[in-house]
Amino acid sequence: MHPLLPSLAAACLYAGVTGYQGLRLAQRTVPDKRLLLILGALALVAHGVSLFIQLLSPSGLHLDFFTASSLIAAAVILLILLALYRMPVENLLLLLFPLGCLTVLFAQFAPSGTAPAIAEQPGILAHILFSILAYGMLTIAVFQSLLLLLQDHHLKHKHPSGLIKNFPPLQTMESLLFGFLLAGWLLLSASLISGWIFLDNLFAQHLVHKTLLSVVAWVVFGLLLWGRHQLGWRGYKAIRWTLAGFCLLMLAYFGSKLVREFILHI
């Protein structure tokens, strides 16, 4: 089966549910959570089928730049759809559904890089899984921090829009942010530990930049969580630290992957 059909189906469903959610929020009405879940789940199933076809082959796992981006987006959306049953996180979907639409289209139509197929032992695959989940969870935290920044700005200037009026209270938004950060930091810890155990040399030439930047990002997120617990960090300080750690992490993975696959061709 060719991945074109499920890719287009996923993109159309993501675009449709984004339009529906945006329209309802523009009308200052609350979107139907059940409809968001149903349409989001259908889009995610199509996305998953497309990824399954693109990633798996007899030679191993094809995880080039754009399929990795698509896989992380799918993992992020899955986590939020699961969380939607217990937490008020539906506003994050307004950012994540377009992300899913873009990444599934890029994975389908953009030229593939030079990354070789991955045919590794279960320990290496576990390291990859922890890495993807860590990136996914910390991506959610970044989107949450951006929504928190927007909400804080509107509340301080006393002109909340229709979108802001549908947000949970500011304290709830901050609690969600640090919950996502803690989960992402723990997954990143598992990724670094599994890499140290199962990879032959984390500081090999093709891994050294990724390893160092990931460790620095881990320290940044760890300091942020410590500052929250010990010093009560919140608001703009928490958002700045979140964005700084995320930028380091994206440079660690996507920056090095982009350079190696599309510039150095190695």
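Residues numbered from 1 in each chain as written. Predicted model: local features only at pLDDT ≥ 70, side-chain atom pairs only at ≥ 80, totals over all residues. Heavy atoms only, no water.

Let us look at the packing of helix α2 (residues 33–55) against helix α3 (residues 65–83). If you want to describe how two helices pack, look at the angle between their axes and the distance between the axes. Between α2 and α3, the shortest axis-to-axis distance is 10 Å and the interhelical angle comes to 150°. Considering the angle they form, α2 stands roughly antiparallel to α3. Handedness of the crossing formed by α2 with α3: left-handed. Residue-level contacts link Leu36, Leu37, Gly40, Ala41, Leu44, His47, Leu51, Gln54 and Leu55 of α2 to Thr67, Ser70, Leu71, Ala74, Ile77, Leu78 and Leu81 of α3. By residue class, the composition of the contact of α2 with α3 is eleven nonpolar, five polar and no charged. (Axes fitted to C-alpha atoms, helices over the stretch in contact; angles between N-to-C directions. Helix = DSSP H or I, 4+ residues; strand = E, 2+ residues; numbered from the N terminus. Parallel < 35°, antiparallel > 145°, perpendicular 65-115°, else oblique. Left-handed = near helix turned anticlockwise from the far one by under 90°. Contact = heavy atoms within 4.5 Å. Nonpolar A, V, L, I, M, F, W, Y, C, P; charged D, E, K, R; others polar.)

Here the focus is the packing of aromatic side chains. Tallied over the entire structure, the rule returns four aromatic pairs. With centroids separated by 5.7 Å and ring planes inclined at 15°, the aromatic side chains of Phe66 and Phe106 adopt a geometry described as stacked. Here Phe66 is found in helix α3, whereas its partner Phe106 is found in helix α4 (residues 93–109), with 40 residues between them in sequence. Between the aromatic rings of Trp233 and Trp241, the centroid separation amounts to 5.1 Å while the plane-to-plane angle is 40°, which identifies the pairing as tilted. The class of Trp233 is buried, set by a relative accessible area of 14%. (Phe/Tyr/Trp six-rings, centres within 6.5 Å; stacked < 30°, edge-to-face > 60°. Buried < 20%, exposed > 50% of the residue type's maximum accessible area, 1.4 Å probe, protein only.)

A separate point is a nonpolar patch on the surface. A cluster of nonpolar side chains, namely Val215, Trp218, Val219, Leu223, Trp226 and Leu231, defines an oily patch on the protein surface of about 530 Å² accessible area. Relative to the assigned elements, Trp218 resides in helix α8 (residues 208–231). Taking the relative accessible area as the measure of exposure, Trp218 reaches 31% and is therefore partly exposed. (Patch = residues over 30% accessible without salt bridge, like charges linked within 9 Å, V, L, I, M, F, W, Y side chains within 5 Å. Areas by Shrake-Rupley, 256 points an atom, 1.4 Å probe, with all protein chains shown as cover. Salt bridge = Lys/Arg side-chain N within 4 Å of Asp/Glu carboxyl O.)

This part covers the nonpolar core. Judged by nonpolar contacts, the single largest core of 64 residues is most densely connected at Tyr14, Ile80, Val89, Leu92, Phe180 and Leu181. Within the residue set of this core, elements represented by two or more residues are α1 (4–26), α2, α3, α4, α5 (122–156), α7 (170–198), α8 and α9 (235–263). At 13 residues, α5 tops the list of elements feeding residues into this core. When residues are assigned to domains, this core turns out to be shared by domain 1 (1–112) and domain 2 (121–265), each giving three or more. Setting aside anything within four residues of it in sequence, one finds Val89 in contact with Ile80, Ala83, Leu84, Leu176 and Phe180. (Core = buried A, V, L, I, M, F, W, Y, C linked by side-chain atoms within 4.5 Å. Domains from an automatic or database assignment.)

Turning to its location among the elements, Thr103 is positioned in helix α4. Of the residues examined, Thr103 reaches a relative accessible area of 10% and is grouped as buried. Those residues within four positions of Thr103 in sequence are excluded, and the remaining contacts are His47, Phe66, Ser69, Ser70 and Ala73.

On to the side chain of Thr242. Counting through the fold element by element, Thr242 comes out in helix α9. Polar side-chain contacts of Thr242 include one of 2.7 Å to the backbone oxygen of Ala238. When near neighbours in sequence (up to four residues on either side) are disregarded, Thr242 contacts Ala141, Val142, Ser145, Leu177, Leu181, Phe221 and Leu224. (Polar contact = N/O pair within 3.5 Å; in protein donor to acceptor, adjacent residues only side chain to side chain.)

A separate point is the UniProt feature "transmembrane region" (unreviewed entry) in the protein chain. UniProt's feature table lists "transmembrane region" (unreviewed entry) at residues 6–23, 35–53, 65–85, 92–112, 124–150, 176–199, 211–227 and 239–256, given in the numbering used throughout. Secondary structure content for residues 6–23 is 100% helix and 0% strand, and the end C-alpha separation is 25 Å. Its end C-alpha atoms 24 Å apart, residues 211–227 is made of 100% helix and 0% strand. (UniProt positions renumbered as here; feature names shortened; annotations may be inferred.)

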